[in-house]
Amino acid sequence: MRHLIILALSILTINLSHSQINEIGVFAGGSNFIGDVGATDYISPNQLAIGGIYKWNRSRRHSYRASLIFSELEGIDVNSDDPRRIQRGYEFSSKIIEASLGIEFTFMDFNLHSGEKIGTPYLYSGVSATNHDNHYFLNGTQTQENTSSWAYGIPMAIGYKSNFLGNFIFGIEIGARYTFSDELDGSIPNDQSKQQFRFGNINNNDWYVFSGITLTYTFGENPCYCVD
């Protein structure tokens, strides 16, 4: 029985590997932070964001997607519209690496083997894990803790993509990341012995936004959903 199960799984794996289409490429754009330090504009990229992206197109309407993006989050109080933040004058920067995994849904059929130029809006969501530097503020100055932590979250992105040239697909995307952490901006120190330096609204977690473009290359056999 065990051998039959292994044989069935092997056949299924082979069939799937020859009945899907893959995309691999890059994301390039900018990032901005929304939290207890700096401006609170929802879309205001101020630092470079760049990374890689992979998609496994399971059907005309959805894809499994993974990405790895590098950026630096920055918050500067004097760039805020809040007079209290401007007077406080805090600022921080923190390098991040985000790994994300989820599902991308298209509004319209995205059949890459139709031989036609096609385009569609899409939505993406899933889970994310972001590695960031730990720091806190001492006398108004960012002070590093020489450690790093992981902030888990939910990415929520909207975009538009089109197969503009052969096997290349171009996309424009704006994606907000809600995190289950309030430590990215240093308002809550990771070190428990420095909790006296915490500030800000402890009921609101940190957000950040990636805005940019994607360029992917498609390869693989014609997917089974293209067979009439």
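Residues numbered from 1 in each chain as written. Predicted model: local features only at pLDDT ≥ 70, side-chain atom pairs only at ≥ 80, totals over all residues. Heavy atoms only, no water.

Chemist: Quick question: what am I supposed to make of the overall build of the protein here?
Modeler: For the protein, the helix and strand inventory stands at two helices and eight strands. Going through the 228 residues of the protein one by one, you find that 42% of them count as buried. Looking at the protein alone, contacts between residues at least 24 apart form 67% of all its contacts between residues at least 6 apart. Summing over all exposed atoms, the protein offers an accessible surface of approximately 12,100 Å²; the carbon and sulfur share of this is 61%. (Helix = DSSP H or I, 4+ residues; strand = E, 2+ residues; numbered from the N terminus. Buried < 20%, exposed > 50% of the residue type's maximum accessible area, 1.4 Å probe, protein only. Contact = heavy atoms within 4.5 Å. Areas by Shrake-Rupley, 256 points an atom, 1.4 Å probe, with all protein chains shown as cover.)

Chemist: Is there a simple way to think about the nonpolar core in this case?
Modeler: What tends to happen in soluble globular proteins is that the nonpolar side chains get buried as a cluster. Grouped together as the largest cluster of nonpolar side chains are 15 residues, with contacts concentrated most on Val-37, Leu-73, Phe-92, Phe-137, Leu-184, Tyr-208 and Phe-210. Those elements that provide at least two residues to this core are β1 (21-34), β3 (62-76), β4 (91-106) and β8 (207-219). Ranked by size, the runner-up nonpolar core spans five residues in total, among them Ile-21, Phe-110, Ile-118 and Ile-169. (Core = buried A, V, L, I, M, F, W, Y, C linked by side-chain atoms within 4.5 Å.)

Chemist: Looking at this model, I keep getting lost on the pairing of strand β5 (residues 119-138). Mind explaining?
Modeler: Consecutive residues of a regular strand have side chains that alternate between opposite faces of the sheet. As paired strands, β4 and β5 are joined by eleven bridges and run antiparallel to one another. Paired with Thr-106 across the two strands is Tyr-122, which belongs to β5. (Pairing = 2+ DSSP bridges.)

Chemist: Sorry, what's going on with unusual backbone geometry here?
Modeler: Peptide bonds are trans in most cases, and residues, glycine excluded, mostly fall at negative phi. Despite not being glycine, Asn-139 shows a phi value in the positive range, around 55 degrees. Checked against the element boundaries, Asn-139 lands in the loop between β5 and β6 (141-165). A positive phi angle is found at Asn-146, which is not glycine, with a value near 60 degrees.

Chemist: Help me understand the packing of aromatic side chains in this model?
Modeler: For any two aromatic rings, the description comes down to two numbers: the centre-to-centre distance and the angle of the planes. Scanning the entire structure with this criterion turns up twelve aromatic pairs. Pairing Phe-27 with Phe-210 gives two aromatic rings, centres 6.2 Å apart and planes at 50 degrees, and the pair type is tilted. Of this pair, Phe-27 sits in strand β1 while Phe-210 sits in strand β8, placing them 183 residues apart in sequence. Seen in terms of ring centroids, Tyr-90 and Phe-199 are 5.3 Å apart; in terms of plane orientation they differ by 85 degrees. Their pairing is edge-to-face. With Tyr-90 in the loop between α2 (83-88) and β4 and Phe-199 in the loop between β7 (168-179) and β8, the pair connects residues that are 109 residues apart, well separated along the chain. A relative accessible area of 18% means that Tyr-90 is categorised as buried. Taken together through their ring pairs, the aromatic side chains of Phe-27, Tyr-208 and Phe-210 make up a single cluster. The residue whose ring lies beneath Lys-55 is Tyr-122, and the NZ or CZ to ring-centre distance is 5.4 Å. (Phe/Tyr/Trp six-rings, centres within 6.5 Å; stacked < 30°, edge-to-face > 60°. Lys NZ or Arg CZ within 6 Å of the ring centre and 35° of its normal.)

The values reported here are purely geometric and, on their own, carry no functional implication.
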